[in-house]
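Coordinate inspection notes
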Amino acid sequence: MELLLIQDVLKTLPHRFPFVLVDRVLSVQNGEVHAIKNVTIGEPFFTGHFPQEPVMPGVLITEALAQASMFCMHGAEGGLEPGTVGYLAGIEGARFKRKVIPGDQLHLHAKLEFLRRGLGKTTCRAEVDGQVAAEMSILFAIAKG
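The rules behind the values
Residues numbered from 1 in each chain as written. Predicted model: local features only at pLDDT ≥ 70, side-chain atom pairs only at ≥ 80, totals over all residues. Heavy atoms only, no water. Helix = DSSP H or I, 4+ residues; strand = E, 2+ residues; numbered from the N terminus. Rg over C-alpha atoms; globule rule 2.2 N^0.38 Å. Buried < 20%, exposed > 50% of the residue type's maximum accessible area, 1.4 Å probe, protein only. Contact = heavy atoms within 4.5 Å. Lys, Arg positive; Asp, Glu negative; His and termini not counted. Charge placed at Lys NZ, Arg CZ, Asp CG, Glu CD. Polar contact = N/O pair within 3.5 Å; in protein donor to acceptor, adjacent residues only side chain to side chain.

Another aspect to go through is the overall build of the chain. Counting its regular elements, the chain contains 2 helices and 6 strands. In terms of overall dimensions, the chain is globule-like: its C-alpha atoms have a radius of gyration of 14 Å, near the 15 Å expected for 145 residues. On the principal axes, the C-alpha backbone points of the chain span a range of 45 × 30 × 25 Å. Classification of the 145 residues of the chain by burial places 44% in the buried group. Taking contacts inside the chain between residues at least 6 apart in sequence as the whole, the part at least 24 apart equals 62%. Mean positive and mean negative side-chain charge positions of the chain (14 and 15 charges, respectively) differ by 4 Å.

What follows is the structure, given as structure tokens:
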């Protein structure tokens, strides 16, 4: 699959500013995705989340991984059809190992574990400069948007 720029990302995800947390999809292959989120000081959450030491909230790193996971499901057999959305149903084993700060490029990796009967699961990790920032498994319920 070729690179997906922001215009293509917006065709897949229902999210819009300020809540779209995937800037580019670098690859989708065999149920695995590699996407990026450029973290800038202009992000609206930095105004109130530790303004003296801006840190990307873990819940938003989780959301970025969930959004990246949708690209795994679109390419999978029995995957998402146009007009369907994956709703967050659960998070397992979430661990946050490194702060994500303005200027970082968050690399989002997700691997589809299964997708059947309206449920999906991905194993995910977020990295900055080759270091793991977060890792978790994410469960989804698939429904019409």
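Residue placement: Ser 69 occurs in helix α2 (residues 58-75). Of the polar contacts made by the side chain of Ser 69, one reaches the side chain of Thr 122; its length is 2.8 Å. Not counting residues up to four positions away in its chain, the partners in contact with Ser 69 are Ala 110, Thr 122, Cys 124 and Phe 140.

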